[in-house]
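Geometric and topological summary
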Amino acid sequence: MNESEDEPKDFIKLNYEKLSTDEVSELVISPCCGAVSLFIGTTRNNFEGKKVIHLEYEAYSPMAEAEIKKICRDVRQKWPSVRHIAVHHRLGLVPVTEASVIVAVSSPHRVASLEAVQYCINTLKATVPIWKKEIYEEAYSWKENKECFWADVEK
């Protein structure tokens with residue numbers, strides 16, 4: 001692969017299938033990068049003492065994808081050495097232990113990719129219109145991300 005074939009790319013995907021860590025990490029590998037950093041958000045089996053059966057995610061996909069593209073642009077401004085960015089988010093039902101979101105970033109050195117991954121997931125949770133429903137043994141609850149900017153609006 002020559003340098004021109006390895007132009008910086010963003011890989012954004014929202015889908016209803018199981019996410020693959022291998023697939024996402026392979027998307028961002030580059031011969032000019034010595035670091036690939038990953039964040040994998042998985043469904044845990046409990047929340048505030050309640051047993052979680054699974055999660056369900058909904059999104060307005062065109063708007064969610066546009067917001068993720070903005071995050072990628074911001075990353076490239078803050079960390080110019082970042083080569084590739086991948087953000088895959090699962091929609092629909094996500095069983096316990098399975099991934100709901102995977103963020104991967106490649107860069108020549110680890111500091112940029114680690115910082116960029118953290119920025120991506122924190123900003124995604126704060127700005128991207130993806131909604132989570134937690135299903136418990138005997139109830140359910142739509143969850144509001146504490147980080148999202150609209151959570152601060154007085155009710």
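The model shown is predicted, which means the values in this text are computed figures rather than measured ones.

Once their charged atoms are close, side chains differing in charge can pair, the charge on each being opposite to the other. Under the defined criterion, the tally for this structure stands at six salt bridges. With its nearest N and O atoms 2.6 Å apart, the salt bridge here joins D10 to R76. Of this pair, D10 sits in strand 1 (residues 9-15) while R76 sits in helix 2 (residues 61-78), and the two are 66 residues apart along the sequence. The exposure class of R76 is partly exposed, given its relative accessible area of 23%. Across the pair E98 and R90 runs a salt bridge, and its minimum N-O distance is 2.5 Å. The two residues E98 and R90 agree in class, both being buried.

Right, let's get into unusual backbone geometry. Peptide bonds are mostly trans, and most non-glycine residues show a negative phi. With phi around 50 degrees, E48 is a residue other than glycine that occupies positive phi space. Here E48 is to be found in the loop between strand 3 (46-47) and strand 4 (50-59).

What follows covers helix 1 (residues 21-28). Among the residues of helix 1, those classed as buried are V24, S25 and V28. Each buried residue of helix 1 lies within a common arc of 95 degrees when the element is viewed along its axis, so the set occupies one face. Those residues of helix 1 that are exposed and aimed more than 90 degrees away from the buried face are D22 and E26.

The subject of this paragraph is the nonpolar core. Generally speaking, soluble globular proteins have nonpolar side chains that are buried together. Residues V75, I85 and L124 are the most contacted members of the largest nonpolar core, which totals 28 residues. Those elements giving two or more residues to this core turn out to be strand 4, helix 2, strand 5 (84-90), strand 7 (99-107), helix 3 (110-127) and strand 8 (130-136). Ranked by residues supplied to this core, first place goes to helix 3 with six residues. For V75, the contacting residues outside a window of four places in its chain are V82, I85, A116, Y119 and C120.

Moving on, we come to the environment of E7. Within the fold, E7 resides in the segment before strand 1. Taking the C-alpha atoms as reference points, E7 and R83, separated by 76 residues in sequence, lie 7.5 Å from one another.

This part covers the UniProt feature "binding site: substrate" (unreviewed entry) in the chain. Mapped onto this structure's residue numbering, the UniProt feature "binding site: substrate" (unreviewed entry) falls at H109, R110, K125, K132, K133 and E134. Along the chain, the position of H109 falls in the loop between strand 7 and helix 3. On the secondary structure map, K133 appears in strand 8. Classification of K133 as buried rests on a relative accessible area of 17%.

Rules of the game
- Residues numbered from 1 in each chain as written.
- Predicted model: local features only at pLDDT ≥ 70, side-chain atom pairs only at ≥ 80, totals over all residues.
- Heavy atoms only, no water.
- Salt bridge = Lys/Arg side-chain N within 4 Å of Asp/Glu carboxyl O.
- Helix = DSSP H or I, 4+ residues; strand = E, 2+ residues; numbered from the N terminus.
- Buried < 20%, exposed > 50% of the residue type's maximum accessible area, 1.4 Å probe, protein only.
- Arc of directions from axis to C-beta.
- Core = buried A, V, L, I, M, F, W, Y, C linked by side-chain atoms within 4.5 Å.
- Contact = heavy atoms within 4.5 Å.
- UniProt positions renumbered as here; feature names shortened; annotations may be inferred.

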